[in-house]
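# Structure assessment
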Amino acid sequence: MNADLSARTRLTGLLGHPAGHSLSPIMQNAALRRGGIDAVYLAFDVAPAELERAVRGLAALGAIGVNVTVPHKEAAAALADELTDEAARAGAANTLAFRNGRIVGHNTDGLGFLRAAERLTGRLAGKRVLLLGAGGASRGVAAALSAHGARVSIANRTVEKARALAEALGTDALGWTPEELTAAASAADVVVNGSSAGMRGLGTIPLDFARLPNRPAVIDLVYAPLETDLLHRARAAGLPTQDGLGMLAAQGELAFAFWHGVDPEPGLMESALRQQLTP
Ligand code: ATR
């Protein structure tokens, strides 16, 4: 964000419901400021019934583009005039760009996950990944991992949902018992938590790293708290870990590049988030 807003300042932002808790304005505005780009990034709480009017209104105002988050990602993809391969594959868009009168839908969640995860794990192609969760976030991650050539097993508290997702991707499903999770983690190179377990107030994951014969890397997509119970136990067992700010920043970096045609300064978005969240 430029300190001096002017008649030429362009708009980017986020549409969500709710939107007020979003950390995206912190990192996107930090990167705009550093890049000297005359634009701002604001968060808008838009009810589902208003999504189409909001998107078309922003396009009419000449906005550069917006992120869209829960619950709008599928509806945003349906509104777009064209979709990138990533958005088409996911059936969901988390980024829209307004270009030459057209709405272009993109999805940076899967690519953002891969970019962040590979900083910790190296190339994921061919690696065995145990994915915990089968909701919206996990579906995006599972699709990205499979398309990238990783071998994914899916565990979920409600095992039918794990089975449905595993079937769609041609992978294995397992239940949420300590025995099943520990056996699967023993055979994994990487463990990823895409479920909400570990968020403040929600349950923990019955996986005991101390009993593993191997040393998987452990990635949690949850970032509130930054150190989840899962990451705490993984660190105590000496395993390499990554918290939820890795993916959050990486999907934001990719959206920034999609809108502005330049990459943000490497590491800047993540450090802006970390600064915001560290007391
Ligand atoms: P998101 O968009 O964040 O993925 P979601 O689609 O509502 O949200 O999915 C939430 C995921 O977290 C699901 O996999 C859910 O498991 P169920 O399918 O059994 O509901 C999982 N989840 C939520 N709370 C959990 C808890 N306390 N323990 C284990 N899993 C939990």
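Residues numbered from 1 in each chain as written. Predicted model: local features only at pLDDT ≥ 70, side-chain atom pairs only at ≥ 80, totals over all residues. Heavy atoms only, no water.

Glancing now at the overall build of the chain. Helices and strands together make up the secondary structure of the chain, namely 11 helices and 12 strands. Taking 279 residues into account, the globule formula puts the C-alpha radius of gyration at 19 Å, and the chain, at 19 Å, falls close to it. Buried positions account for 49% of the 279 residues belonging to the chain. Contacts in the chain between residues at least 24 apart in sequence constitute 65% of all its contacts with a sequence separation of at least 6. Within the structure as shown, the chain displays about 12,700 Å² of accessible surface, and the carbon and sulfur contribution to it stands at 53%. (Helix = DSSP H or I, 4+ residues; strand = E, 2+ residues; numbered from the N terminus. Rg over C-alpha atoms; globule rule 2.2 N^0.38 Å. Buried < 20%, exposed > 50% of the residue type's maximum accessible area, 1.4 Å probe, protein only. Contact = heavy atoms within 4.5 Å. Areas by Shrake-Rupley, 256 points an atom, 1.4 Å probe, with all protein chains shown as cover.)

In space, the six strands of this open sheet follow the order β2-β1-β3-β5-β6-β4, with mixed pairing throughout. Looking along the sheet, the strands with just one partner apiece sit at the ends: β2 (39-45) and β4 (82-83). When strand β3 (residues 65-68) meets strand β5 (residues 95-99), the two strands line up antiparallel, connected through three bridges. Bridge assignment links G65 to a residue of β5, and that residue is A97. Its contacts with the sheet put helix α1 (residues 24-35) on β1 (10-16), β2 and β3, and the angle it makes with β2 is roughly 170 degrees. (Pairing = 2+ DSSP bridges. Axes fitted to C-alpha atoms, helices over the stretch in contact; angles between N-to-C directions.)

Attention now moves to the packing of helix α5 (residues 109-121) against helix α6 (residues 136-147). Viewed as axis vectors pointing N to C, α5 and α6 meet at an angle of 65 degrees, and their least axial separation amounts to 8 Å. Considering the angle they form, α5 stands roughly perpendicular to α6. Our pair here, α5 against α6, has a crossing hand that is right-handed. Seen from α5, the contacting residues are G110, F113 and L114; seen from α6, they are G140, V141, A144 and L145. Split into classes, the residues belonging to the contact of α5 with α6 amount to five nonpolar, two polar and no charged. (Parallel < 35°, antiparallel > 145°, perpendicular 65-115°, else oblique. Left-handed = near helix turned anticlockwise from the far one by under 90°. Nonpolar A, V, L, I, M, F, W, Y, C, P; charged D, E, K, R; others polar.)

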